[in-house]
Amino acid sequence: MQISSKEFLFLFSLITIIFLIAPLFLIFYISLYNKRKKKYIEEKEELKKAFEHELLKSQMEVREQTLKTIALDLHDNIGQLLGLTIMTLSAVNVEDKEKAKEKIGAAEEFAKRSVKEVRALARLLHGEEQINRGLVAAIALELEWMEKARQYQVTYDHNVPEIPGSKDKETMLYRLFQESLNNIFRHAQAKEIHINLEYSNQRLLLSITDDGIGFNVNEVLKLQKGMGLHNLHKRAGMIGGEAIIHSAPGAGTQVAISIPYI
Amino acid sequence: MLLTVNTTIELICFLVACICLHRDNSAAWRLMIPYLALVCLTEMTGIYLSKHLHVSNTWLYNAYQYIELTVIWSFLYFNLKPYVKTNNWYYIILAALWVIFVTETYIRGWFVFANISASVMSVVFIITSLYYFLLVIRDEAYLQLSVHAPFWWVSGTLLYYFGSTASNVFFDFLVSGAIMSLPFPVRYIVFNILNVLLYCCWSYSFICRYRQRNSFSSLV
């Protein structure tokens, strides 16, 4: 079959136009893709900044919490002990040697207890540094302090192998743990608290369970009352994890936080 | 008349290259100035031979193609260098293209246009340009493409060689009597359009390069 020169010309022009338009489309597509890449990089940068901001906030809150505990302990415990020491010593009558000996002995006992309390406070101050030594130890220290108050029966189980994890994630998780404990102190009216920390399938799972009065999770979240609960979700999400809260009125509460941890 | 659409746009591009690249730090970019001078010289000599002396200029374009393949391939590879580690492919493909050109010129002679080699060369340039785009897309770093000189240089090259594919494939038909007798030279018009696109993109890339160099030196 032969084609006329006009038909050939038409065919040739058509092919040439297609071959010209194709790279133009390609260049346009690459420019478009590149713009999306820019947007993605900007979003990534924003997320990184938000994470750094939240991490800094968490570190500040951990410090604030420690200072609050110290202030409370200085006022309620050490202050009282030292006050008693002063009162006991001022009541000493040197002429009545028998009673004086007894009172000095009691004052000595109060002073010893004060020293013990100060040492415990110093250890708590080092609690922030404990996070650097490991999450397991930091949680144990916090619980040890809490048990001193003898208000709660606390059990702590952990099964975390020695793996090099992210300190930033540990700080965030530690803060989430503190927030959950605060919620128990303020609202739960609990008697028993159980903490479980375990490592499984490259994830770190922390669960905090209490036998308190419980609450309706959906209702609290809807009413925007539970800023602490929102924070739990937000911060767990920021480190790539999730926080699940199980609770019902009269049935206690369980906060389960799971984060990727390699 | 030596000034045609082709020679005019080539001269403009050469002037832009002279202004923008003569102080460029990169020898590869500065190479564009003598290359474009050679392009203008070849084009004008070709017109002079054909229109004034009425002799064939095919041997001239055949000779020019050796320089074209070397310079364009080298510069394309130079643009790929930030993304590739080895230089082996550069030498292998350059040698292969030279072997194809030498073989065709040897078999068909200097007075027959080496269109098979030109087609192979176009395919190599198209694939390399597309590979460059793929690497740009894959690159995690963001490039502001609207002012990225290598991107516009490669875009111009891709437009020219991709657009000329049909002309290369149908070369024998286009130079045959039936088509040549048409009231307008279709192949010549296509190449005019392609040349305008190529040299506009290249001129813009030289301007981008100039602005990039100036903004960088003002920061130092």
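Residues numbered from 1 in each chain as written. Chains lettered and ligands numbered in written order. Predicted model: local features only at pLDDT ≥ 70, side-chain atom pairs only at ≥ 80, totals over all residues. Heavy atoms only, no water.

### Some details on the overall build of chain A
Helix and strand content of chain A: 7 helices and 5 strands. Counting helices and strands in the order they occur from the N terminus, chain A gives α-α-α-α-β-α-β-β-α-α-β-β. Reported as C-alpha extents along the three principal axes, the dimensions of chain A are approximately 135 × 35 × 35 Å. Per-residue burial for chain A yields a buried fraction of 35% across its 262 residues. Excluding contacts between residues fewer than 6 apart, the proportion of contacts in chain A whose partners are at least 24 apart in sequence is 68%. Summing over all exposed atoms, chain A offers an accessible surface of approximately 16600 Å²; the carbon and sulfur share of this is 57%. Averaging the locations of the 34 positively and 34 negatively charged side chains of chain A gives two centres separated by 6 Å. (Helix = DSSP H or I, 4+ residues; strand = E, 2+ residues; numbered from the N terminus. Buried < 20%, exposed > 50% of the residue type's maximum accessible area, 1.4 Å probe, protein only. Contact = heavy atoms within 4.5 Å. Areas by Shrake-Rupley, 256 points an atom, 1.4 Å probe, with all protein chains shown as cover. Lys, Arg positive; Asp, Glu negative; His and termini not counted. Charge placed at Lys NZ, Arg CZ, Asp CG, Glu CD.)

### Examining the interface of chain A and chain B
Taken together, the contacts link 21 residues of chain A with 31 residues of chain B. Both sides of the chain A and chain B interface together cover about 2400 Å² of buried area, and 85% of this is carbon and sulfur. Connecting chain A to chain B are 0 salt bridges. Linking chain A to chain B there are 4 residue pairs in polar contact (both at pLDDT 80 or more). (Buried area = accessible area lost by both parts, 1.4 Å probe. Salt bridge = Lys/Arg side-chain N within 4 Å of Asp/Glu carboxyl O. Polar contact = N/O pair within 3.5 Å; in protein donor to acceptor, adjacent residues only side chain to side chain.)

### Structural notes on the nonpolar core
Ranked by internal contacts, the top residues of the largest apolar core, which has 66 residues, are Trp153(B), Trp202(B) and Phe206(B). Leaving out residues up to four positions away in the same chain, Trp202(B) has contacts with Cys13(B), Met32(B), Tyr35(B), Leu36(B), Ile72(B), Trp153(B), Gly156(B) and Thr157(B). Core analysis: the second largest hydrophobic core is formed by 40 residues, Val62(A), Ile131(A), Met146(A) and Leu221(A) among them. (Core = buried A, V, L, I, M, F, W, Y, C linked by side-chain atoms within 4.5 Å.)

### Here we look at the sheet that holds strand β5 (residues 253–260) of chain A
Adjacent strands of a sheet form backbone hydrogen bonds with each other and so pair up, either parallel or antiparallel. Residue and element names in this part refer to chain A. Strand order across the open sheet formed by 5 strands is β1-β2-β3-β5-β4, with mixed pairing between neighbours. Strands at the two margins of the open sheet, each flanked by one partner only, are β1 (153–159) and β4 (242–247). If you compare each strand with its neighbour and ignore which way they point, the axes differ by 10 degrees on average. Note that β4 and β5 share 6 bridges and pair antiparallel. (Pairing = 2+ DSSP bridges. Axes fitted to C-alpha atoms, helices over the stretch in contact; angles between N-to-C directions.)

### A closer look at the domain arrangement of chain A
Residues and elements named next belong to chain A. When its domains are assigned, chain A resolves into domain 1 (58–125) and domain 2 (152–262). Taking the mean C-alpha position of each, domain 1 and domain 2 sit 34 Å from one another. Counting residues at the interface gives 5 residues for domain 1, matched by 8 residues for domain 2. For the salt bridge of Glu61 with Arg235, the shortest nitrogen-to-oxygen distance reads 2.8 Å. Counting across the interface, domain 1 meets domain 2 through 2 residue pairs in polar contact (both at pLDDT 80 or more). Split into classes, the residues belonging to the side of domain 1 that touches domain 2 amount to 1 nonpolar, 3 polar and 1 charged. (Domains from an automatic or database assignment. Nonpolar A, V, L, I, M, F, W, Y, C, P; charged D, E, K, R; others polar.)

### A word on the UniProt feature "transmembrane region" (unreviewed entry) in chain B
Residue and element names in this part refer to chain B. Under the UniProt annotation, "transmembrane region" (unreviewed entry) lies at residues 31–49, 61–80, 89–107, 113–137, 158–182 and 188–207. As annotated, residues 61–80 has a helix share of 100% and a strand share of 0%, and its two end C-alpha atoms lie 28 Å apart. Helix and strand shares over residues 113–137 are 92% and 0% respectively, and the end C-alpha atoms of the span are 37 Å apart. (UniProt positions renumbered as here; feature names shortened; annotations may be inferred.)

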